[in-house]
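What follows is the residue order along each chain.
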Amino acid sequence: MNNKRLIIDSREKKYLLNRDVENFGNDMGVVDLKEIDDGSYLTTHKGGEFYVLTPTIHDIVKKMKRTVTTLLPKDIGLIIAECGVENGELIVEAGTGSAALTIYLSNAVGKEGKVVTYEKRPEFAVVARKNLEIVNSVRKNQKITGFEEEIEEGTFEEKGLYNVIQKIGDVTDGIDEENVDVVVLDMPDPWNVVPHAKKALNKAKGRIAIYVPYVEQAKKGVEALKEHGFLDIKTVECIVRDIEISEKGVRPSTRMIGHTGYITTARVCPERKEENKFVKKETLE
Ligand SMILES: C[S@@+](CC[C@H](N)C(=O)[O-])C[C@H]1O[C@@H](n2cnc3c(N)ncnc32)[C@H](O)[C@@H]1O
């Protein structure tokens, strides 16, 4: 998988190119990219200006191939923050979709952590894997694995990429992992996964996040969380307004994304044990 680089022209149009591309041009002119380092300022034969930069993971996600609607940064950031995702944690996610959320979760838990992502449609998992591979190719100082063999649909179950393990299957059938720190669900019927999540989550610090576009789904999700004894249940919608700042003045953009989805977060509640029913007198003193 080819490493990428980012070209931005002086109109701020962005291009993600394979690093081995030697010439690049648009209506502003052409530049020779041979032996050009990232961080260079190039002038085209027509006097146009191109900036050669190292892409961030966010640049890659914005340009990557999509099989389904991906979560937006505003919702991803909120999930990560509300769940308090930490370096080194084990996350189980479903469904993978195009792997946008997977990529940021994988970033948040880092090399010491792990994201196990379930997807029931093998053809979506193939695209997600390619997206994960591109992200890995721009990650610094990290061993890239999993590129050795050609991928055939459905044959790469449980082959790891950096800290991501892809699983092809229906997550409503169950979660294989134990002692999971966070379960994140972006799928149509998350309530059917709540009992499995309850079983898989770490009893002391397990958290769950559910993202759904419809309020009826959010309600069913909350009902399932209540039924299975989750605590701290909270549902939010995140609305972001762009602000335009110009010489003329400052105002919100006249266009905005009106709605994406509802995010419900919760944490596991410890199970009540019979022997703990009464507080011993001496512990009260
Ligand atoms: C909205 S997309 C997820 C998008 C993803 N979060 C992203 O940012 O790219 C929902 C995905 O869940 C998958 N899915 C739906 N039900 C599933 C199930 N029961 N088990 C596993 N995957 C499922 C779908 O095939 C689809 O790819």
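Residues numbered from 1 in each chain as written. Predicted model: local features only at pLDDT ≥ 70, side-chain atom pairs only at ≥ 80, totals over all residues. Heavy atoms only, no water.

Draft legend 1. Fine view of the site of the ligand. Close contacts around the ligand come from 23 residues, with Ser98, Glu119, Asp170, Val171 and Asp186 the closest. Ala100 has a polar backbone atom sitting 3.3 Å from an oxygen atom of the ligand. Leu101 places a polar main-chain atom, nitrogen or oxygen, 3.2 Å from an oxygen atom of the ligand. A per-class count over the shell around the ligand returns 10 nonpolar, eight polar and five charged. (Near = heavy atom within 4 Å. Polar contact = N/O pair within 3.5 Å; in protein donor to acceptor, adjacent residues only side chain to side chain. Nonpolar A, V, L, I, M, F, W, Y, C, P; charged D, E, K, R; others polar.)

Draft legend 2. Layout of the pattern of salt bridges. Considering all chains together, one arrives at 18 salt bridges under this definition. As a salt-bridge pair, Asp176 and Lys167 come within 2.9 Å of each other at their nearest N and O atoms. Taking the relative accessible area as the measure of exposure, Asp176 reaches 55% and is therefore exposed. Looking at Lys167, the relative accessible area reads 7%, which means it is buried. Among the charged side chains, a salt-bridge network with shared partners connects Glu89, Asp181, Lys205 and Arg207. (Salt bridge = Lys/Arg side-chain N within 4 Å of Asp/Glu carboxyl O. Buried < 20%, exposed > 50% of the residue type's maximum accessible area, 1.4 Å probe, protein only.)

Draft legend 3. A look at the pairing of strand β16 (residues 262-267). Across the six residues of β16, five count as buried, placing the element largely inside the fold. Across six bridges, strand β12 (residues 207-212) lies against β16 in antiparallel orientation. In the sheet register, Tyr211 faces β16, and the bridge partner there is Ile263. For strand β13 (residues 231-237) and β16, the ladder comprises five bridges, and the chain directions are antiparallel. (Helix = DSSP H or I, 4+ residues; strand = E, 2+ residues; numbered from the N terminus. Pairing = 2+ DSSP bridges.)

Draft legend 4. Region of interest: the packing of aromatic side chains. Within the structure shown, the criterion is met by three aromatic pairs. Taking the centre distance of 5.5 Å and the plane angle of 50 degrees together, the rings of Phe24 and Phe50 count as tilted. With Phe24 in strand β3 (residues 23-26) and Phe50 in strand β6 (residues 49-53), the pair connects residues that are 26 residues apart, well separated along the chain. As far as burial versus exposure is concerned, Phe24 and Phe50 are alike and both buried. Ring pairs connect the aromatic residues Tyr15, Phe24 and Phe50, which therefore count as one cluster. (Phe/Tyr/Trp six-rings, centres within 6.5 Å; stacked < 30°, edge-to-face > 60°.)

Draft legend 5. Geometry of the sheet that holds β6. Here we have four strands laid out as an open sheet, ordered β2-β1-β6-β5, and antiparallel in their pairing. Two strands in the sheet have a free side with no partner beyond their single neighbour: β2 (14-18) and β5 (40-43). Neighbouring strand axes in the sheet, compared pairwise and without regard to direction, differ in orientation by 30 degrees on average. In this structure, strand β1 (residues 4-9) lies alongside β2, joined through five bridges in antiparallel fashion. Pairing of Arg5 across the sheet is with Leu17, part of β2. (Axes fitted to C-alpha atoms, helices over the stretch in contact; angles between N-to-C directions.)

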